[in-house]
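Observations on the three-dimensional arrangement
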Amino acid sequence: MSPQVFLLNSVPMRTLKFFTIFLLAVFIMPALTHLAVWSVQDRPNSWRDANWSSAGILPKPPRETAQIMLMAARTGGMKGAFATHSWLVLKRPGETTYNRYDVVGWGTPVRHNAYAADARWYSNVPQIYQMIEGAKAESLITKVEAAIKNYRYNQRGDYVLWPGPNSNTFVATILNEVPELNWQMPATAVGRDFPADRRWFSKFKYGGWRLSLAGYAGITYRPDYGVDLQFLGLVAGFDWFNYQLKVPGFGVVG
């Protein structure tokens, strides 16, 4: 075999080997490790057996204060090893109740107060990932509500579990439409990087850009949050401003 033919054959093989090792080390092995951890935890057998009641983590809302929150909880079954379900909670000044908006996979996707604002999701206790209150929240609530109303995937059959558009695509789309929030989705929010605009390359209104292969793989850059790589919905990345790693399955570490 001539040296030229050898080089032509070996370069693609070396490239393929590199990408295989990269995917195994960065995405597959961490995800399988968290799957092993998740598999030994107790969980309901089905959605009928799950606890969907309030987790009691939100206090009685202050009447005078406006609030906007991003909340998320692990999903049900083995999917919970890799993914969270996210939603938005709003409260206008003068109101004494929270308003929850999220997307589900049955019936009409976009739901308003289908569950308590801090309800468990498949028995998993949610977390408050982001929150603002006061004058800034009051100034943005109308814009958030308008983005929710105009969400394009709001008809029966629009929901797609994977790679999207799903519940996390919904929240990510709202955040992009309201760049003043300047929030980042949980790293475990599978579907957050699905291109709701159906474009391979998109620029975010809050800064940065995303290159996506229909939600199956891609790269995201945000100047204030670093670089994320996506593969099959899993996210690996580094936030150099907050010195945090994003590990598939585990989420943010650091």
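Located above this text is the structure these notes cover.
Here we summarise the structure given alongside this text. (Residues numbered from 1 in each chain as written. Predicted model: local features only at pLDDT ≥ 70, side-chain atom pairs only at ≥ 80, totals over all residues. Heavy atoms only, no water.)

Structural notes on a nonpolar patch on the surface
Together, F238, W240, F241, Y243, L245, F250 and V253 give the surface a local cluster of nonpolar side chains, amounting to about 720 Å² of exposed area. Look at V253 and you get partly exposed, because its relative accessible area is 41%. (Patch = residues over 30% accessible without salt bridge, like charges linked within 9 Å, V, L, I, M, F, W, Y side chains within 5 Å. Areas by Shrake-Rupley, 256 points an atom, 1.4 Å probe, with all protein chains shown as cover. Salt bridge = Lys/Arg side-chain N within 4 Å of Asp/Glu carboxyl O. Buried < 20%, exposed > 50% of the residue type's maximum accessible area, 1.4 Å probe, protein only.)

With respect to the sheet that holds strand β5 (residues 127-133)
With antiparallel pairing, five strands are arranged side by side in an open sheet as β4-β3-β2-β1-β5. Sheet topology places β4 (110-112) and β5 at the edges, where each strand pairs with a single neighbour. Direction aside, neighbouring strands of the sheet carry axes that sit 20° apart on average. Note that strand β3 (residues 99-103) and β4 share three bridges and pair antiparallel. Within the sheet, the bridge partner assigned to D102 lies in β4 and is R111. With respect to the sheet, helix α3 (residues 167-177) is in contact with β1 (67-74), β2 (84-91), β3 and β4, its orientation differing from that of β2 by roughly 45°. (Pairing = 2+ DSSP bridges. Helix = DSSP H or I, 4+ residues; strand = E, 2+ residues; numbered from the N terminus. Axes fitted to C-alpha atoms, helices over the stretch in contact; angles between N-to-C directions. Contact = heavy atoms within 4.5 Å.)

A few points about the sheet that holds strand β9 (residues 226-231)
In spatial order, the strands read β6-β7-β8-β9-β10-β11-β12; together these seven strands make up an open sheet with antiparallel pairing. Edge positions in the sheet fall to β6 (201-203) and β12 (251-253), since each has one partner strand and no second. The sheet shows a mean angle of 15° between the axes of neighbouring strands, taken without regard to direction. Pairing analysis gives three bridges linking strand β11 (residues 244-247) to β12, with the strands arranged antiparallel.

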